[in-house]
Structure formats: C-alpha cells, structure tokens
Amino acid sequence: MISFCPQCGHPTHQRIPAGDNRKRNVCGTCGYIHYENPRLVLGAVLEWQGDILLCRRAIEPRAGLWTLPAGFMENGESSEDAAARESREEAHAHADQMRLFTFIDVPAIDQVHVFYRGILRDGRHSPGEESLETALFSEARIPWSQLAFQTVRLTLEHYFEDRRAGEFKPRRLLTGKRAKRLVRWTV
Ligand SMILES: [Zn+2]
C-alpha cells in the first residue's frame, strides 16, 4: 500500500474513482490512480536422470526451507523466460524442453503461481545468491516436511503422480483461505 503519489509525490487517499467499483489509492493533487493487481510467480520443475532440482532458500520468507526455483515475473519477458531465468539465478541451472505444468491461483495473497516442467540441460547446478544450497532429489528423498510453499508441494505431488502414470497433464488449481478448499482442473 503506497501513501504518496509515484507521479508527483503528494499524499494519496483510498477512494473509488469515477467509473470504477473498487477502492484505489488516488492522488489528491494530480489524480493519478495507483492500481494494484495480482502478481505472477514463475517457477520450474527441472529433472535430471530421474531426480528433481530443489533450492534451499537463503532469504525470507521461509529461509532455510526447500523450494523449486521460482520468483516474480519481470516486465518484458515471457512466462517461460521467467521460469528459465529464475532457474539460472537461484540454481545456476539451464532449462531445456520447458512445458507448462501447473497454473495455481493463490487469491489469499493476490498471486498466481505458474510452474513449467523441463530438463536440467547438463545436470549442473549450484546455489545462486538467494539459495543456501541446491540439490537433486529422487522422489523418495524429496524433503516434503521442509518445503517452503504449498504451491511447490502441489506441483511436485502432481509431477510424480503424472510421471508414474506415464503422462504429464497441465493443471489449473485454486488454493488458499478464500478458496476454502483445493480445487483441481486439468487444462
Ligand atoms: Zn500525484
């Protein structure tokens, strides 16, 4: 929530702009409307010789816990580019053969988490600045009790379920408090 206008620096106030139906942060001086909308988090499930690449987080939230490489999408990049970039930044990992896998609405925190799946190009990985360590885990050794995020857990569960079934099915999921329950669709 901002309280000063990013355009002119004067104070902003919560009100419903003309023609709108939600409260927005509106500048009392220049009239600039500061819209806040959900953010996209892009990540990747990268496999190498049957194992999955995870990163142990060096930063909050959930520092010390394990996650798939993932982070906020940047302006000017595609969703696939974002997933590949996060893999490079957090694990110095190069992704190949990327396919859309999970699309997860997280309305409780105003985010959408999207995971691609792909191949870890050469098996190489090492921790980037936001990771304490990186490692390849077999399905049996995934640290389920030390995963950082529910969307990572869901994505890994579906990944192994599909891999056992011999067919990967892209999915859309709805999670979080406002959803009351987990809803799953195959897309
Ligand atoms: Zn202003």
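Higher on the page you've got the structure.
Since the model is a prediction, treat every value here as computed from it, not as a measurement.

1. Side note on the nonpolar core
No. 1: One finds I52, L54, L68, I142 and L156 to be the most contacted residues of the largest nonpolar core, which totals 17 residues.
No. 2: The set of elements that each furnish at least two residues to this core consists of β4 (39–48), β5 (51–57), β10 (131–137) and α2 (150–165).
No. 3: Of the residues forming this core, the biggest block, four residues, is contributed by α2.
No. 4: Once you skip the residues sitting within four places of it in the chain, L54 turns out to touch W66, T67, L68, E133, T134, A135, F137, I142, P143, L147 and L156.
No. 5: Ranked by size, the runner-up nonpolar core spans 16 residues in total, among them A82, A95, V114 and Y116.

2. Considering the environment of Q146
No. 1: Tracing the sequence through the fold places Q146 in the loop between β10 and α2.
No. 2: In this structure, the C-alpha to C-alpha distance between Q146 and E80, residues 66 residues apart in sequence, is 27 Å.

3. Digging into the packing of aromatic side chains
No. 1: Summed over the entire model, instances satisfying the criterion amount to six aromatic pairs.
No. 2: Ring geometry for Y159 and F160: centres 5.9 Å apart, planes at 90°, overall edge-to-face. Neither Y159 nor F160 differs from the other in exposure class; each is buried.
No. 3: By relative accessible area, Y159 is classed as buried at 3%.

4. Remarks on the side chain of R171
No. 1: Tracing the sequence through the fold places R171 in strand β11 (residues 171–174).
No. 2: Accessibility expressed as a relative area gives 5% for R171, which makes it buried.
No. 3: Within the structure, the side chain of R171 is placed 2.9 Å from the side chain of H158, a separation counted as a polar contact.

5. Comments concerning the coordination of the zinc ion
No. 1: Listed as protein donors to the zinc ion are C5 (SG), C8 (SG), C27 (SG) and C30 (SG); their distances from the metal cover 2.3 to 2.4 Å.
No. 2: For the zinc ion, the four donor atoms are set out with angles of 101 to 119° between them, so the coordination reads as tetrahedral.
No. 3: Sequence spacing among the residues donating to the zinc ion works out to C-x2-C-x18-C-x2-C. With a gap of 19 residues between them, C8 in the segment before β1 (12–15) and C27 in strand β2 (residues 24–27) connect regions that are remote in the sequence.

What counts and how
- Residues numbered from 1 in each chain as written.
- Predicted model: local features only at pLDDT ≥ 70, side-chain atom pairs only at ≥ 80, totals over all residues.
- Heavy atoms only, no water.
- Core = buried A, V, L, I, M, F, W, Y, C linked by side-chain atoms within 4.5 Å.
- Buried < 20%, exposed > 50% of the residue type's maximum accessible area, 1.4 Å probe, protein only.
- Helix = DSSP H or I, 4+ residues; strand = E, 2+ residues; numbered from the N terminus.
- Contact = heavy atoms within 4.5 Å.
- Phe/Tyr/Trp six-rings, centres within 6.5 Å; stacked < 30°, edge-to-face > 60°.
- Polar contact = N/O pair within 3.5 Å; in protein donor to acceptor, adjacent residues only side chain to side chain.
- Donors = N, O, S within 2.8 Å, 3.2 Å for Na, K, Ca; no water.
- Tetrahedral: all angles 85-135°; square planar, octahedral: opposite > 155°, others 65-115°.

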